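One letter stands for each residue in the lines below.
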Amino acid sequence: MNNEKTVSVLNDLLNITNDRIEGFSKVEDKVWDTHSALKNDYDQMASQSQTMKSDLIRLINERGGEVDNTTSTAGTVHRAWIDVKNSFTGNKDESTLENVVFGEKAAIDAYQDALDSGDLCPESSQVVSDHLHHLKSSYARFENLEELN
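Small disclaimer: the values here were computed from a predicted structure and weren't measured. (Residues numbered from 1 in each chain as written. Predicted model: local features only at pLDDT ≥ 70, side-chain atom pairs only at ≥ 80, totals over all residues. Heavy atoms only, no water.)

Draft legend 1. Local environment of the overall build of the protein chain. Of the regular secondary structure elements, the protein chain holds seven helices and zero strands. Moving toward the C terminus, one meets the helices and strands of the protein chain in the order α-α-α-α-α-α-α. In the protein chain, which comprises 149 residues, the share counted as buried stands at 40%. Looking at the protein chain alone, contacts between residues at least 24 apart form 81% of all its contacts between residues at least 6 apart. (Helix = DSSP H or I, 4+ residues; strand = E, 2+ residues; numbered from the N terminus. Buried < 20%, exposed > 50% of the residue type's maximum accessible area, 1.4 Å probe, protein only. Contact = heavy atoms within 4.5 Å.)

Put into structure tokens, the structure is as follows:
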């Protein structure tokens, strides 16, 4: 197993996880006035992201890699788009929560791609698989937002 490839994939996932954390910080408190039932799930997702970040940093360090504790370019562009979109839309609550769903789907895809790549060592694969399970669970809670509106 190539350690450099493992570290590279883990750093990519760390960037995605940092994107999630940044995205979560953009959800405005007023969203919870109309979607209070989702608040606890959302808080759990944000907390889980911090745990995932710690796990990835630990794995990278254990493999002697250099941690790239930044966000991805795509995530930065997406957050900028959210800001622009929210400045023009009338329903910021719905738009904000739809962006949570979009971000979770992107994270699921990235984690699945990492597992499918074959570039992860067994321990990293197990941790990434556990993270993917959590991502899919949180996505399932938010994917049917149209029914809540």
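Draft legend 2. Quick look at the environment of Val-100. Looking at the element boundaries, Val-100 is found in helix α5 (residues 92–117). Note: C-alpha distance between Val-100 and Lys-26 (74 residues apart in sequence) is 9.8 Å.

Draft legend 3. Looking closely at the nonpolar core. Membership of the largest hydrophobic core comes to 31 residues, with the highest contact counts inside it found for Leu-10, Leu-13, Trp-32, Tyr-42, Val-100, Tyr-111 and Phe-142. Setting aside anything within four residues of it in sequence, one finds Val-100 in contact with Phe-24, Val-27, Tyr-42, Met-45 and Phe-142. (Core = buried A, V, L, I, M, F, W, Y, C linked by side-chain atoms within 4.5 Å.)

Draft legend 4. Representation of the packing of helix α1 (residues 3–25) against helix α6 (residues 122–142) within the structure. Where α1 meets α6, the axes come as close as 12 Å, and the angle between the chain directions of the two elements is 25°. Here α1 lies roughly parallel to α6, going by the angle between them. Note that α1 runs across α6; the crossing there is left-handed. Where α1 approaches α6, its residues Thr-6, Leu-10, Leu-13 and Arg-20 are matched on the opposing element by Ser-124, Val-128, Leu-135 and Ser-138. When grouped by side-chain class, the residues that make up the contact of α1 with α6 number four nonpolar, three polar and one charged. (Axes fitted to C-alpha atoms, helices over the stretch in contact; angles between N-to-C directions. Parallel < 35°, antiparallel > 145°, perpendicular 65-115°, else oblique. Left-handed = near helix turned anticlockwise from the far one by under 90°. Nonpolar A, V, L, I, M, F, W, Y, C, P; charged D, E, K, R; others polar.)

Draft legend 5. Inspection of the pattern of salt bridges at higher detail. In total, this model carries seven salt bridges according to the counting rule given. Of the charged contacts, one joins Glu-62 and Arg-58 as a salt bridge, the two residues approaching to 3.1 Å between their closest N and O atoms. In this pair, Glu-62 and Arg-58 both sit in helix α3 (residues 39–62), four residues apart, roughly one turn of the helix. According to the relative accessible area criterion, Arg-58 is partly exposed, its value standing at 33%. With a closest N to O distance of 3.1 Å, Glu-123 and Arg-58 form a salt bridge. Taken together, the residues span a long stretch of sequence, with Glu-123 in helix α6 and Arg-58 in helix α3 at a distance of 65 residues. Linked by salt bridges that have partners in common, Arg-58, Glu-62, Arg-63 and Glu-123 make up one network. (Salt bridge = Lys/Arg side-chain N within 4 Å of Asp/Glu carboxyl O.)

Draft legend 6. Spatial organisation of the side chain of Arg-20. Mapped onto the secondary structure, Arg-20 falls in helix α1. Within the structure, Arg-20 has its side chain in polar contact with the side chain of Glu-104 (distance 2.8 Å). When sequence neighbours within four positions are dropped, the list of residues in contact with Arg-20 reads Met-45, Ser-49, Met-52, Glu-104, Ala-107, Leu-135 and Ser-138. (Polar contact = N/O pair within 3.5 Å; in protein donor to acceptor, adjacent residues only side chain to side chain.)

Draft legend 7. Quick peek at the confidence of the model for the protein chain. Chain-level statistics for the protein chain give a pLDDT mean of 82 and a share of 77% at 70 or above. For the protein chain, the element scoring lowest by mean pLDDT is helix α7 (residues 145–148), at 52; α6 scores highest, at 93. (pLDDT = per-residue confidence, 0-100.)

Draft legend 8. View of the packing of α3 against α6. Where α3 contacts α6, the axes come no closer than 11 Å and their chain directions differ by 165°. Regarding the angle of α3 to α6, the classification is roughly antiparallel. When the axes of α3 and α6 are compared, the crossing they make is left-handed. Here Asp-41, Tyr-42, Gln-44, Met-45, Gln-48, Met-52, Asp-55, Leu-56, Arg-58, Leu-59 and Glu-62 of α3 come into contact with α6, specifically with Glu-123, Ser-124, Val-127, His-131, His-134, Leu-135, Ser-138, Arg-141 and Phe-142.

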